[in-house]
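What the coordinates show
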Amino acid sequence: MSQAKPYRVSHLDALEAESIFVMREVMAEFERPVLLFSGGKDSIVMLRLAEKAFAPARIPFPVMHVDTGHNFPEVLEYRDARVTELGLNLVVASVQEAIDSGLVRELPDGTRNRIQTPVLLAAVEKYRFDALFGGARRDEEKARAKERMFSFRDEFGQWDPKNQRPELWSLYNGRHHPGESIRVFPLSNWTELDVWHYIAKEDIALPSIYYAHDREVVERDGMFYAVNEFIVPRDGETVETRRVRYRTVGDASQTAAVLSDADTVEKVIDEVAATRITERGATRGDDKVSEAAMEDRKREGYF
């Protein structure tokens, strides 16, 4: 009699199962969840997980993009195409509209990452969202590592890392009073490399800027920023055409590219496996303001 082969679950399958469980748990505990969708690789993977979690039904919650107005056009095109393909309800919280209405004031340096927080909180209040799926991972940045899977936010949308709930045995407490909310991070235990392996496994399409391409850039503070309407060369800066790709997608005014020849998923995986700097540390100018820049924004209500 032949002996049955032992049943094994791969690392990637285990991560997928955990994330799907978390998404289903949110649907069981909350009334008005929403998925924060930027068109970046992490939110794209979250969208695929949501497809699997609720198939064959449609994804049962809307997606929301906090639109700073400083987007890469390739990312907006991808966002709109994906939302149409899945038949989703897209909520756009516009920073430009908030500036025009006086809700926020544009900063002197022209960047908008900091002022998107009040816009996000206003949208949460307007649509009464009580659970917000975010694509943050613990390996991204120091402040991210302090998060739980369910991250409690008070009635002002603020985060206190010392006032979070235990999650023993994968039990998640979603209790909250009206006005309070929970930020949910299904990818908490994933790494950048896990995300790319999953993209390869599921054959997920991404915005083209994630792969190597030729682009006009200027080198600034050791990083390569694309020349566009938001990045104008300063005196003494030289515009060069370099082969680059983006490891993360943020504002075109603050997100830098990395030199790369990785134009396929397999090449990107090899490149990410060899790097020792996180994607935010390598490409996000807004995180270089101070060591606690991300934590300060999260305490104010940033996702």
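Going by an unreviewed UniProt entry, the protein chain carries the name Sulfate adenylyltransferase subunit 2 and comes from Couchioplanes caeruleus subsp. caeruleus. As its UniProt record puts it under Sequence similarities (unreviewed entry), the protein chain is described as follows: "Belongs to the PAPS reductase family. CysD subfamily."

1. Overview of the side chain of Thr68
Looking at where Thr68 falls in the secondary structure, it is placed in the loop between β2 (63–67) and α3 (73–86). Among the polar contacts listed, one links the side chain of Thr68 to the backbone nitrogen of His70, at a separation of 3.2 Å. Apart from the residues lying within four places of it in its own chain, the contact partners of Thr68 are Val95, Arg112, Gln116 and Asp251.

2. Focus on the packing of helix α6 (residues 192–202) against helix α7 (residues 265–274)
Interhelical geometry of α6 versus α7 gives an angle of 165 degrees and a closest axis separation of 10 Å. Judged by the inter-axis angle, α6 sits roughly antiparallel to α7. In terms of crossing hand, the pair formed by α6 and α7 is left-handed. Here Glu192, Leu193, Trp196, His197 and Ala200 of α6 lie close against α7, whose contacting residues are Val265, Val268, Ile269, Val272 and Ala273. When grouped by side-chain class, the residues that make up the contact of α6 with α7 number eight nonpolar, one polar and one charged.

3. Digging into the environment of Ile182
Note on placement: Ile182 falls in strand β6 (residues 181–184). Note: C-alpha distance between Ile182 and Val26 (156 residues apart in sequence) is 9.6 Å. Not counting residues up to four positions away in its chain, the partners in contact with Ile182 are Phe30, Asp130, Ala131, Leu132, Phe150, Ser151, Phe152, Arg165 and Gly174.

4. As for the nonpolar core
Core analysis: the largest hydrophobic core is formed by 56 residues, its most contacted members being Met23, Leu35 and Trp196. Of all the secondary-structure elements, those providing two or more residues to this core are α1 (11–29), α2 (41–54), α3, β4 (131–133), β5 (150–153), β6, α6 and α7. Per-element tally for this core: the top contributor is α2, with eight residues. Among the domains, domain 1 (11–195 + 292–300) and domain 2 (207–288) are the pair contributing at least three residues each to this core. Non-local contacts of Trp196, meaning those with residues more than four positions away in its chain, are made with Lys41, Leu206, Tyr210, Tyr211, Arg245, Val265, Val268, Ile269 and Val272. Listed in part, the 17 residues of the second largest apolar core include Met64, Val91, Ala123 and Leu132.

Rules and cut-offs
The residue numbering used here restarts from 1 in each chain and proceeds along that chain's sequence as written. Only residues with pLDDT of at least 70 get local features here, since the model is predicted, and only at 80 or more are side-chain atom pairs given and counted; chain-wide, interface and lining totals rely on the full set of residues. For the side-chain quantities, the full set of heavy atoms in the structure was used; hydrogens and water were omitted. UniProt positions are given in the numbering used here, feature names are shortened, and annotations may be inferred rather than shown by experiment. Numbering of helices and strands starts at the N terminus; helices are DSSP runs of H or I of at least 4 residues and strands are runs of E of at least 2. Polar contact is the term for a pair of N or O atoms within 3.5 Å; when the atoms are in protein, one must be able to donate a hydrogen and the other to accept it, and sequence-neighboring residues count only if both atoms are side-chain atoms. Contact between two residues is taken to exist if any of their heavy atoms lie within 4.5 Å; hydrogens are not considered. A fitted line through C-alpha atoms serves as each axis, taken over the contacting stretch for helices, and the angle formed by two N-to-C directions is quoted from 0 to 180°. Angle categories: roughly parallel below 35 degrees, roughly antiparallel above 145, roughly perpendicular from 65 to 115, and oblique for all the rest. When the near helix sits turned anticlockwise from the far one by under a right angle, the crossing is termed left-handed; a clockwise turn instead gives a right-handed crossing. Each residue gets one label: Ala, Val, Leu, Ile, Met, Phe, Trp, Tyr, Cys and Pro are nonpolar, Asp, Glu, Lys and Arg are charged, and the others, such as Gly, are polar. We define the nonpolar core as a collection of buried residues of types Ala, Val, Leu, Ile, Met, Phe, Trp, Tyr and Cys that are connected through side-chain atoms lying within 4.5 Å of one another. Relative accessible area decides the class of each residue, using a 1.4 Å probe on protein chains only: under 20% of the type maximum gives buried, over 50% gives exposed, and in between gives partly exposed. Boundary definitions for the domains trace back to an automatic or database domain assignment.

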